[in-house]
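# Descriptive structure summary
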Amino acid sequence: AFGVIADIQFADAEDGHDFGGCRRRYYRHSLRSLREAVRAWADESPPIDFVLQLGDSIDGQNVRRGEAESALQQVLAVLGELSVPVHHAWGNHELYNFSRARLVRTALYSRPAGGSDGPPDRQCHAYHFSPAPRLRLVVLDTYDASTLGTDPGSPRYQESLRVLREKNPNDDLNSPAGLEEPYFVAFNGGFSQAQLDWFDEVLKFSDENQEKVIVMGHVPIHPHASNGVCLAWNYEAALSVIHSHRCVVCVLAGHLHDGAYCLDSHGVHHLTLEGVIETPPESNAFGTIYVYEDKMILKGRGRIPDRVMHF
């Protein structure tokens, strides 16, 4: 069993709204929601084994307020009350606040320090681990290709900007207006070929060892588990890797605060979790997932509905 939570986006700020100005965001209360989740996970019986934090743990406005470090420390302090490991995905809001080089030196870098569990690029926050026999978790870096958190003089930035500009002629690169492929916006990102090659090798190993694999990353990789905008740039390449193997049973994501779900044509469940940041104080948005030989059961809290996902 493990806990799941997405898009906390904490800031020590008054309530605000999304970029469209119509969705309320509960910046300060999100930390109280996280505390409630941690208390609930601590009371689980049998106990949970770990927690997946699906990205955007703090809000981008912290950098303007000069509070990025303090906001992150407050979130990490609450998560630190757990007696189990927390595995973090990197979201766009982490990369608004910190460079990749800085994130590597924070506790949000949950990739193990040694071994060959991730891609050769140590700043690529992707890795895998096995929490139980014949079960593997793969953490993907959905901003491996991105203009966010990257030195504008670097090859990573220049190539990401080229891809983005090729698909998005808008003055505002965060605007999907008029785009044939509206997910080519700066607040999304994608996968390098190196990460996709590594991912393919991990799944090949799991196939050979008859493992079930759960994948997690911040940005959804299936259009039906998305609103069509909150979607990885080269999602089709990631899906192609998954569909060329038998082992993946579920892909977990955040980023889309409304949440979404689909069962794809290859029998893979794609579950996008509702975001804490847009959850009113009288509710919440987290869950616990119980994994069995033939299914996963999500016990949701607040905005997150219960769900049974058969393999």
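Residues numbered from 1 in each chain as written. Predicted model: local features only at pLDDT ≥ 70, side-chain atom pairs only at ≥ 80, totals over all residues. Heavy atoms only, no water.

What follows concerns unusual backbone geometry. Cis geometry marks the peptide bond from Ser-45 to Pro-46; its omega dihedral reads 0 degrees. Tracing the sequence through the fold places Pro-46 in the loop between helix H1 (29-42) and strand E4 (50-53). One non-glycine residue, Asp-7, adopts positive backbone phi at about 55 degrees. With respect to the element layout, Asp-7 can be found in the loop between strand E1 (2-5) and strand E2 (16-17). Residue Asp-7 is classed as buried on the basis of its relative accessible area of 0%. Backbone geometry places Gln-210, a non-glycine residue, at a positive phi of 55 degrees. Counting through the fold element by element, Gln-210 comes out in the loop between helix H7 (193-208) and strand E8 (212-216). Residue Gln-210 is classed as exposed on the basis of its relative accessible area, which comes to 59%. (Helix = DSSP H or I, 4+ residues; strand = E, 2+ residues; numbered from the N terminus. Buried < 20%, exposed > 50% of the residue type's maximum accessible area, 1.4 Å probe, protein only.)

Burial analysis of strand E12 (residues 285-291) places six of its seven residues in the buried class, which makes it a mostly covered element. In this structure, E1 lies alongside E12, joined through four bridges in antiparallel fashion. Counterpart to Gly-3 in the pairing with E12 is Thr-288. Here E12 runs beside strand E13 (residues 295-302); their pairing, made up of seven bridges, is antiparallel. Considered in E13, the bridge of Ala-285 is made with Gly-302. Hairpin connection, E12 to E13: the antiparallel pair is bridged by three residues. (Pairing = 2+ DSSP bridges.)

What follows covers the sheet that holds strand E5 (residues 86-88). One open sheet holds the six strands; their spatial order is E5-E4-E1-E12-E13-E14, and the pairing between them is mixed. Looking along the sheet, the strands with just one partner apiece sit at the ends: E5 and strand E14 (307-310). Direction aside, neighbouring strands of the sheet carry axes that sit 20 degrees apart on average. Across the face of the sheet, H1 comes into contact with E1, E4, E12 and E13 while running at roughly 25 degrees to E12. (Axes fitted to C-alpha atoms, helices over the stretch in contact; angles between N-to-C directions. Contact = heavy atoms within 4.5 Å.)

What follows covers the sheet that holds strand E9 (residues 248-253). As summarised here, the arrangement of the six strands in space is E6-E7-E8-E9-E11-E10, forming an open sheet in which the pairing is mixed. The sheet terminates laterally at strand E6 (127-132) and strand E10 (260-263), the two strands that pair on one side only. Direction aside, the axes of adjacent strands within the sheet are offset by 15 degrees on average. Note that E10 and strand E11 (residues 269-272) share four bridges and pair antiparallel. Of the residues in E11, the one forming a bridge with Tyr-261 is Leu-271. The strands touched by H7 are E6, strand E7 (135-139), E8 and E9; relative to E7, the strand with the most contacts, the crossing angle is about 175 degrees.

Attention now goes to the packing of H1 against helix H3 (residues 68-79). Packing of H1 against H3 leaves a shortest axis separation of 9 Å and a crossing angle of 15 degrees. Comparing the axis directions of H1 and H3 gives the class roughly parallel. For the pair H1 and H3, the sense of crossing is right-handed. Along its contact with H1, which presents Leu-31, Leu-34, Arg-35 and Val-38, the element H3 presents Gln-74, Val-75, Val-78 and Leu-79. For the contact of H1 with H3, a count of residues per class yields six nonpolar, one polar and one charged. (Parallel < 35°, antiparallel > 145°, perpendicular 65-115°, else oblique. Left-handed = near helix turned anticlockwise from the far one by under 90°. Nonpolar A, V, L, I, M, F, W, Y, C, P; charged D, E, K, R; others polar.)

Read these as spatial facts, not as claims about activity.
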